[in-house]
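Each chain is listed here by its residues.
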Amino acid sequence: MYLNTHTYYSLRYGTLSPKELVEAAADRGIQCLALTDVNNTSGCSAFVRHCHHKQIKPVLGIEFWQDERLYYIGLAKNAEGFRELNAFFSQHSLHQCPLPARAPCFEEAVVIYPKDALPPEELQAHEFIGIRPSEVNLLYASPLLDWPDKLLALSPITFLDKEGFRTHKLLRAIDHNTLLTKLRSDQHAKEEEQLYSPSQLKEQYGPHGFLLGNAQTLLAQCHIDLPQGLGNNRQIFTGNKEGDFALLKKLSLAGLKNRYGEEHPKALQRLEQELNTIRKMDYCFYFLSTWDIVRYAASMGYHYIGRGSGANSIVAYCLHITDVEPLELDLYFERFINQFRSSPPDFDIDFSWDERDDVIDYVFKRYGPDHTALLATYTTFKRKSVLRETGKAFGLPKSEIDLLLAPPSADRPLHGLAPYVLKYGQRIIGFPNYLSIHAGGIVISERPLHYHTALQMMPKGFPITQFDMYDAEELGFHKYDILSQRGLGHIKDAVTLIRQNRGQAVDIHNLPKIKQDPLVQAQLASGQCIGCFYIESPAMRGLLHKLRCRTYVHLVAASSIIRPGVAQSGMMREYIRRFHQPASFHYPHPVFEQHLKETFGVMVYQEDVMKILHHFSDLPMDEADVMRRQMTGKKRSSEEFQRLKEKYFHNCAAKGHSRQLTEEVWRQIESFSGYSFCKAHSASFAAESFQSLYLKTYFPLEFMTAVINNFGGFYRSEYYFHEARMQGAQLHPPCVNHSLNLTTLYEKDLYIGFIHLHQLERTTSRLIVLERQRHGPFKGFEDFIRRMSISSQQLDILIRIDAFRFSGKSKYELMWQKNGLLNPHGKQLNAMALFEQPDDAFELPTLEKGRHDDAFDQMELLGFPLCSPFDLLALPPGKSIDARQLLQRTEQEVEILGYFVCRKDVTTVRRKQMYFASWLDQDGHFFDTTHFPNSMHKAPFRGRGCYWIKGKVCMDFGFPSIEVSKMERLPYVKDERY
C-alpha cells in the first residue's frame, strides 16, 4: 500500500531521515515500504539497512520530476529493475537532457503515473495509474473504473503530521526563494501526504479497497537488497586472482630491491607477511589499481605523494605509492589492514592542483564510466544559513535576521515572528541541501554502478554517485582518494624552474639523502620555513624552534602534536617540557620506555595507542586497532568494545600487572585515543616538508617563485614576495617587456606577474605576452600603443604601475602622451592619418613625481608596496628594538615597531577572546605577540599596517614572544595627489 515515500533526500521537499521514516512506519505496524525520493537514490542504503533492523520489507524506486512537475514513479521489482531506473535517470543527468513525459519500457521495473497523466487504454503491462486518497471520490462514474487492474492506491508520504507539513512548506519556500505567504499550492505537497496507518488508509479508500489490494499485490512482486562487502569492488586486474597476486608479488619484490638493496631480511620478512594478509583479505586489486594510478602519474611527470594510513604498508612503499619508509618509523601494517577491521582501507594520494583532474580522467577511462564515479558529499543546512533562509521565507527584513544571528541579549527586542523562525528553522538544521563532490573519493565497482546508485553529472564534468563516503563504507566499497594540494605545485614548479634557469635536474624523491642533508636540517631548526608545506605557520615555526627540531623523526612528532586535539589537551606542552627536562618525569612501566621513548612516553600517535595495548596487555595488533577505532567513536558501548576491554584487564592480570597500574594505563589510553593522530599521516606530511625545505635551502628564489605562482599557502602573496626579497631577489613591478601573467624569475630579478594587478583584465595580459612573443619586445610607449588594442582604463593601470619604465619617461609624461595617442571619445587608438603631418612644436612642462607616489599606486593596484612599509610612516619611528634582540631581553619591557602579518583568534577557558599575532620588524624578520583579554582595550587591532607595540618579552622554551600591554597603529603619510 505504501508505494511512494520521501525522505529528506528529496532535497528541499522531504522532512524525514530514512531512520525516522522507517521507525514511524514500524510504529504503525507497516510491513512493506517503498522509498521513492525525488530524482534521488541517496537514502537507499540507509533505508534498506533500517528496514531490515525493523523487519520491514524494503522496496526501492525513484520519483521522476521535470520542471517542478511529477512525471511518473518507477518501482524496481528486483536488482535488475533498480539498475534500469538508475541507468535511465543517470543517462538524462549525465547528458543534461530532459526526461521524457512517457517512461521507457522497463523490463524489471513498474511505472506509476498520476491520475490524469495517460488514458488507461494506452498503458502497457508494466504501467499503472495511482489514485490518491483525495481522488477516491472522483472515481464514481469515472471511465477509469473500467480498468480496475490498472489502478493502485497511491498515498504519498512526505511528513508525519501537520507540523511536518509546515516544515515541508518552509523547505519549498526556501527552494523557490519566495515568501511562505506567496507559495502557490502547486509548489508544495498536499496536506494529505502524511504517514497513515493501514487502518486509516482502509477507511480513506472505503468501497474502493481493491486499490489497496492492487498496491499490495504489486509490492509483493518486488524484492530488493543492496549487497554489501568487498565483492562490490572491482575484483580482477590481470584476468584472475592468482595472476593478480603473482603480479603484486613480483612488483613488490622488485620495489624491495630498489628501495632496500639486495639484502634486507627484516624488510623481506615484513613484505611477505603483508603480502599474505593482502591475499587472504582479497586486496590485491586495490593495491595493483593504486599502483597503476601512480604509475600513470609518474609516466606523465606528475609529482604526487601517497599519505594516510596506507603509508603503514611496506608493500605500498615498495610499489612507490608512498615515500614513507615504515620500518624507520615503526609503522604497523595493522593500522591500515587487519582481519577485524570492518571498514575497507583507503589510499590518500595528493597531486598538484593543476594535474589532479587528468589523473581522475585516466581512472575513468581505465575502468570505464559505468564502473567509476566520484563520491558525493551532502551539503547540509547549517544554523546560520537556516535562520537566514527561514527568516527570508517568513518575510523578516535583514536587520531582524541579523539580530537572530547575534549572541542572545536580554535588552534586545525580537520580531514577533522570531519564535516561529527559530522553531521551524531548528527542524531543518542538518537536512541535506544539495549534493556536492567529495574532496577526491573515487569508487571502482565490479558490477555497473547502476546496481547501487544513480549517477549525477557535476559542473567539473565528472559524475558522482548519489551516496557519500559513509554509505560507500557500509556497502564495502574501497575508496581511492585522489586529492590535490598547492604544496605539491610549489615543489613541481620549483623543480621545473631550476631545470629551466640553471640547467639542473633535482631528484626530489631521493628522500633518504634529503633527510640527512645537514643544511636542510639546519634550515628546519632555524624555523625559517616560509613557503614550506605544513611548517610555515607562526605556530609551527615556534614549535620547531622550541623543539630544536632537526631530524625527520622529530618533525614527524612535531607534525602530530601541533594538531588541535593534542594541543588543546595540553599534551603538546607536556611533550615540549619532557623534551627539555627528560629527568622531570618517569615512565609508568618499562613498556612505555621501550616503545614510546621517541616521544618521551607521550602517546602522540594512534599507533602508540596500539603499541601500548599490544605490548602492555598482549592484545593482538589487529584487535588493538579495532579498540583504538572504537574508543574514538560512538561504538564505546558496543559489545565488541566491552569484550576487548574485558580482555585487556584479563590479560593484564595474567601478566601480573597490579590493578592500580592497569587502571592508570587504561586511563591514559582512553584519554590519548581521543586526540591521537595517525603517524603515517604525519610521516607523509613531514616527507613533503623536507622536500620543500631542500628546495628552499639550495634554490630559494626558484622555490619562492613557485610558491608565489601557486597561490596556496598560509600567508598572503605579499609576504612571499617579501621572503623572496629576503632571500636575495630584486623585486620589480610588472613590466610589459619582462612580465608574464605569472611571476617570472630572471637570475635574481623577480618580475611580478600581471595576475597580481587587481584591475587588469586577463585578456589584456594575455594579449601583451602574445604580441611580445610574436613580434618581439616593445621599443617604447608609442610602439606599444601602435601594436596593442587596449582600452584607456587598462592602459592607465599599466602606466600607474610603471610598466613602461624602460621607455625612460615618467608615468606623468606617459599619462599626458596617452591622451594624444588615444581617441578621447573611444577606447582604442586613433585612426591613422592618410598623410603624415608634422608634429606641432610643443614642450611638455616638467612633471615631478612625489616621493611616495609609486608606493601608493602599488598599494592600490597590487595590494602592498614594494618598498618597506615603514618608509611610509608619517613620523619617523622612535627608538625600538628589532626581533633578533628579543632573546637578550627576556622579562624586560620593550618597544618595537611591527608590520602586521596575521592573527589567530582564540577563546579562553573562560570564554573570553584573546589573540596571537605575527609581525615583521623593520629589518624584515618575524616576531610574535600575545594579546590577553585584559589588554585588549588598551591594545586594539585596527586593521593592516605598521604598529608601535609595547610589552614584556616572555620566553617559552627558548622561543621569545611579547605579551602586549599597549599598541597603536601608526599613520602613513598622506597621498599628496588626493
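About the cut-offs
- Residues numbered from 1 in each chain as written.
- Predicted model: local features only at pLDDT ≥ 70, side-chain atom pairs only at ≥ 80, totals over all residues.
- Heavy atoms only, no water.
- Helix = DSSP H or I, 4+ residues; strand = E, 2+ residues; numbered from the N terminus.
- Buried < 20%, exposed > 50% of the residue type's maximum accessible area, 1.4 Å probe, protein only.
- Contact = heavy atoms within 4.5 Å.
- Areas by Shrake-Rupley, 256 points an atom, 1.4 Å probe, with all protein chains shown as cover.
- Lys, Arg positive; Asp, Glu negative; His and termini not counted.
- Charge placed at Lys NZ, Arg CZ, Asp CG, Glu CD.
- Salt bridge = Lys/Arg side-chain N within 4 Å of Asp/Glu carboxyl O.
- Pairing = 2+ DSSP bridges.
- Axes fitted to C-alpha atoms, helices over the stretch in contact; angles between N-to-C directions.
- Phe/Tyr/Trp six-rings, centres within 6.5 Å; stacked < 30°, edge-to-face > 60°.
- Lys NZ or Arg CZ within 6 Å of the ring centre and 35° of its normal.
- Arc of directions from axis to C-beta.
- Core = buried A, V, L, I, M, F, W, Y, C linked by side-chain atoms within 4.5 Å.
- Polar contact = N/O pair within 3.5 Å; in protein donor to acceptor, adjacent residues only side chain to side chain.
- pLDDT = per-residue confidence, 0-100.
- Right-handed = clockwise from strand over helix to strand, strands pointing away.

## Describing the overall build of the protein chain
The helix and strand inventory of the protein chain stands at 35 helices and 21 strands. Projected onto the principal axes, the alpha-carbon positions of the protein chain cover approximately 100 × 95 × 70 Å. Put simply, the protein chain has 978 residues, and 55% of those count as buried. When contacts within the protein chain are restricted to residue pairs at least 6 apart in sequence, those whose partners lie at least 24 apart make up 69%. Taken as a whole, the protein chain presents about 43900 Å² of accessible surface, with 51% of it coming from carbon and sulfur. Between the mean site of the 114 positive side-chain charges and the mean site of the 114 negative ones, the protein chain shows a separation of 4 Å.

## Here we look at the pattern of salt bridges
Considering all chains together, one arrives at 62 salt bridges under this definition. For D608, the salt bridge goes to K611, with nearest N and O atoms at 3.9 Å. Residue D608 and its partner K611 are located together in helix 24 (residues 606–617), separated by three residues, close to a single helical turn. Between E723 and K696 there is a salt bridge whose closest N-O contact spans 2.8 Å. Of the two residues, E723 sits in helix 30 (residues 717–726) while K696 sits in helix 28 (residues 679–698), which places them 27 residues apart along the sequence. Residue classification places E723 among the buried residues on the basis of a relative accessible area of 7%.

## So, the pairing of strand 7 (residues 304–307)
Across the two faces of strand 7 the burial is the same, with Y304 and G306 and I305 and R307 all buried. Two strands pair when backbone bridges link them, and strand 7 and strand 8 (residues 346–352) are joined in this way by four bridges, in the antiparallel orientation. Bridge assignment links R307 to a residue of strand 8, and that residue is D348.

## Some details on the sheet that holds strand 18 (residues 913–920)
The mixed closed barrel is built from five strands, whose spatial order is 17-18-19-21-20. Recorded for the sheet is a direction-independent mean angle of 50° between the axes of neighbouring strands. Relative to strand 18, strand 17 (residues 893–907) is paired through eight bridges, and the arrangement is antiparallel. Paired with T907 across the strands is Q913, a residue of strand 18. The strands touched by helix 30 are strand 17, strand 18 and strand 19 (926–931); relative to strand 17, the strand with the most contacts, the crossing angle is about 135°.

## Observations regarding the packing of aromatic side chains
Under the counting rule described, the total for this entry stands at 55 aromatic pairs. Plain terms: the ring middles of Y296 and Y362 are 4.1 Å apart, the flat faces sit at 0° to each other, and that makes the pair stacked. Here Y296, found in helix 9 (residues 284–299), pairs with Y362, found in helix 11 (residues 356–367); they are 66 residues apart in sequence, far enough to count as distant. Here the two residues Y296 and Y362 agree in accessibility, since each one is buried. Through pairs of rings, three or more aromatic residues link up here, namely F64, Y71, Y72, F88, F106 and Y113. The ring of Y451 carries the charged tip of R83 above its face, separated from the ring centre by 6.0 Å. The ring centre of Y915 lies 4.0 Å from the NZ or CZ of R903, which sits over that ring.

## Considering helix 13 (residues 398–405)
For helix 13, the full list of buried residues reads I401, L404 and L405. Buried residues of helix 13, viewed axially, fall in a sector of 95°; they line one side. Where the residues of helix 13 are buried, they touch helix 12 (383–394) and helix 14 (418–428).

## Comments concerning the sheet that holds strand 3 (residues 69–76)
Taken in spatial order, the six strands line up as 1-2-3-4-5-6 in an open sheet, and their pairing is mixed. This sheet does not close on itself; its edge strands, each paired only once, are strand 1 (32–38) and strand 6 (151–153). Mean inter-strand twist for the sheet, computed between neighbouring axes without regard to direction, equals 35°. Bridge count between strand 1 and strand 2 (residues 57–66): seven bridges; the pairing is parallel. Counterpart to L33 in the pairing with strand 2 is P58.

## So, the nonpolar core
L3, L33, F47, L60, Y72, L248 and F287 are the most contacted members of the largest nonpolar core, which has 147 residues in total. Here this core takes ten residues from helix 9, the largest share from any one element. Each residue touching F287, except ones within four places of it in the same chain, is listed here: L248, I278, S313, V315, A316, L319, I321, F333, F336, I337 and F347.

## As for the side chain of D350
Mapped onto the elements of the fold, D350 is located in strand 8. By relative accessible area, D350 is classed as buried at 2%. A polar contact of 3.0 Å, which involves the side chain of D350, links it to the side chain of Q485.

## Side note on helix 34 (residues 811–821)
Within helix 34, burial applies to K811, L814, Q817 and K818. On an axial view of helix 34, the arc spanned by its buried residues comes to 115°, and they lie on one face. Exposed positions of helix 34 whose direction lies more than 90 degrees from the buried face are N819 and G820. Buried residues belonging to helix 34 abut helix 32 (781–787), helix 33 (792–800) and helix 35 (853–861).

## A closer look at unusual backbone geometry
Across the chain, the bulk of peptide bonds are trans and the bulk of non-glycine residues have phi less than zero. Although it is not a glycine, N177 adopts a positive phi angle of roughly 50°. For N177, a relative accessible area of 57% gives the class exposed. Positive phi, close to 75°, is recorded for Y534, a residue that is not glycine. Inspection of the secondary structure puts Y534 in the loop between helix 18 (518–526) and helix 19 (538–546). Its relative accessible area of 24% is what places Y534 among the partly exposed residues.

## A closer look at the environment of R884
Mapped onto the secondary structure, R884 falls in the loop between helix 35 and strand 17. Taking the C-alpha atoms as reference points, R884 and H852, 32 residues apart in sequence, are found 29 Å from one another. Looking at R884, its side chain comes within polar contact range of the side chain of D923, at 3.3 Å.

## Looking at the confidence of the model for the protein chain
The pLDDT averaged across the protein chain works out to 91; a share of 96% of its residues lies at or above 70. Below pLDDT 50 for its whole length, residues 824–837 participates in 17 contacts with residues either more than four positions away or in separate chains.

## With respect to the pairing of strand 2
For strand 2, the tally of buried residues reaches nine of ten residues, placing the bulk of the element in the interior. Read from strand 1 through helix 2 (residues 44–53) to strand 2, the crossover connection turns out right-handed. Of the pairings in the sheet, the one linking strand 2 to strand 3 comprises six bridges and is antiparallel in character. Across the sheet, I62 pairs through a bridge with G74, a residue of strand 3. Hairpin remark: strand 2 followed by strand 3, antiparallel, with two residues in the connecting loop; positive phi at D67, about 55°.

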